[in-house]
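Listed below, chain by chain, are the residues.
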Amino acid sequence: MSIVYDRTKTVVRRHVAPGEAVPLHPEAVAFAGHYDFDIDVLAAYRPQGKGRVERQVNIVRDHVLAGRAFSSIEEMNAAFAVWVPLRRAKVHGTHGEVIGHRAVRDHMALRPLPTTPYVVTQRHLRHVGKDCLVAFDANLYSVPARKVRPRQLVEVRATKAQVTLHSTVPDASGQTLLAVHARAVGRGARIVDETHWDGLPTGAGRRVTTTTAISSPAARPAHTVHSTLLPALPPLPGQYQRVKRMQSGLACDVHEQQEQFHR
């Protein structure tokens, strides 16, 4: 089964030259796949391609609305309720069948709807931070640390009330869902499931700069630095002598300057 669409932006991503394949919107393709039908895009500048659909507007306007005024919606609905049986009893000019009989047969040919309705969502790609948080719409949402890595690209699917995060590559079981959160209201919120922290580095194994614990700052010598990162290096050959000569030369220069000052 196929449904004919105009070249609306919700179905067509961009307009192309005649004869080229029409790029469809991913959300429209997913919607059609969920309800098991094909999308047939109407050719450009061909209004007669959906003539039967457009004709219904004129039929309703000429047979129900023309020359009448309604004081309420209920009165208008009552007028339609009287007109529909009369319309369905007529023979259609194109297929030559009674409209009501053809409608029943067409309705019986339809397949049942899926048990779960399709939910239209916003779809965006975002990177995972080092703290397993994903930024979306000025808020942060957590994902399981054991299922992602820093800077990994994930897909955010957002509705008005919910945000779901999906991996771009299915796992061994074919699943892509990583996390489900309620959508934050406002900006600057952190929506975190604390179980997602499991797997983050705790810092217990990192190297420290001190090797001995000192009870109080007063007991620590001001000139002492304990470090295990860089071991002491032996002096280079001749280094000690060069330093001593430099110190002696500086001392002589200072002494000469003092004598000149006192003169």
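The numbering scheme is per chain: residues are counted from 1 as the chain's sequence reads. Local features in this predicted model are restricted to residues whose pLDDT is 70 or higher, and side-chain atom pairs enter the listing and the counts only when it is 80 or higher, whereas totals over whole chains, interfaces and linings include all residues. Only hydrogens and water are set aside when side-chain values are computed; all heavy atoms of the structure are taken into account.

## Some points on the pattern of salt bridges
Basic side-chain nitrogens of Lys or Arg form a salt bridge, by our definition, when they fall within 4 Å of a carboxyl oxygen of Asp or Glu. On inspection of all chains with the given rule, the structure shows nine salt bridges. Note that glutamate 97 is salt-bridged to arginine 105, the shortest N-O span being 3.0 Å. Relative accessibility decides the category of a residue: with a 1.4 Å probe and only protein chains considered, values under 20% of the type maximum give buried, values over 50% give exposed, and everything between is partly exposed. On the basis of relative accessible area, glutamate 97 is assigned to the partly exposed category, the value being 25%. Accessibility expressed as a relative area gives 42% for arginine 105, which makes it partly exposed. Here aspartate 137 makes a salt bridge to arginine 183, at a shortest N to O gap of 3.2 Å.

## Comments concerning the sheet that holds strand β7 (residues 162-167)
Pairing is antiparallel in the open sheet, where four strands are placed in the order β3-β6-β7-β8. Only two strands of the sheet have a single neighbouring strand rather than two, namely β3 (122-127) and β8 (177-182). The average angle at which neighbouring strand axes cross in this sheet is 25°, direction not considered. For strand β6 (residues 153-158) and β7, the ladder comprises five bridges, and the chain directions are antiparallel. What sits directly across from alanine 158, in β7, is valine 163. One bridge is not enough; two strands pair if DSSP finds at least two bridges between them. The helix count covers DSSP runs of H or I at least four residues long, the strand count covers runs of E at least two residues long, and both are numbered beginning at the N terminus. Orientation is described by axes fitted as lines to C-alpha atoms, over the contacting stretch for helices, and by angles from 0 to 180 degrees between their N-to-C directions.

## Quick word on the packing of aromatic side chains
Each Phe, Tyr or Trp ring (for Trp, its six-membered ring) is paired with any other whose centre lies within 6.5 Å, and the angle between the two planes then decides the class: stacked below 30 degrees, edge-to-face above 60, tilted in between. Evaluated as defined, the whole model comprises four aromatic pairs. When the centroid spacing of 5.7 Å and the interplanar angle of 80° are considered together, the rings of phenylalanine 31 and tyrosine 118 count as edge-to-face. Taken together, the residues span a long stretch of sequence, with phenylalanine 31 in helix α1 (residues 26-34) and tyrosine 118 in the loop between α4 (99-109) and β3 at a distance of 87 residues. What makes tyrosine 118 buried here is its relative accessible area of 16%. Ring centres of phenylalanine 80 and tryptophan 83 lie 6.5 Å apart, and the angle between their planes is 80°; on these two criteria the pair is classed as edge-to-face. Placement of both phenylalanine 80 and tryptophan 83 in helix α3 (residues 73-88) is noted, with a separation of three residues, approximately one turn of the helix.

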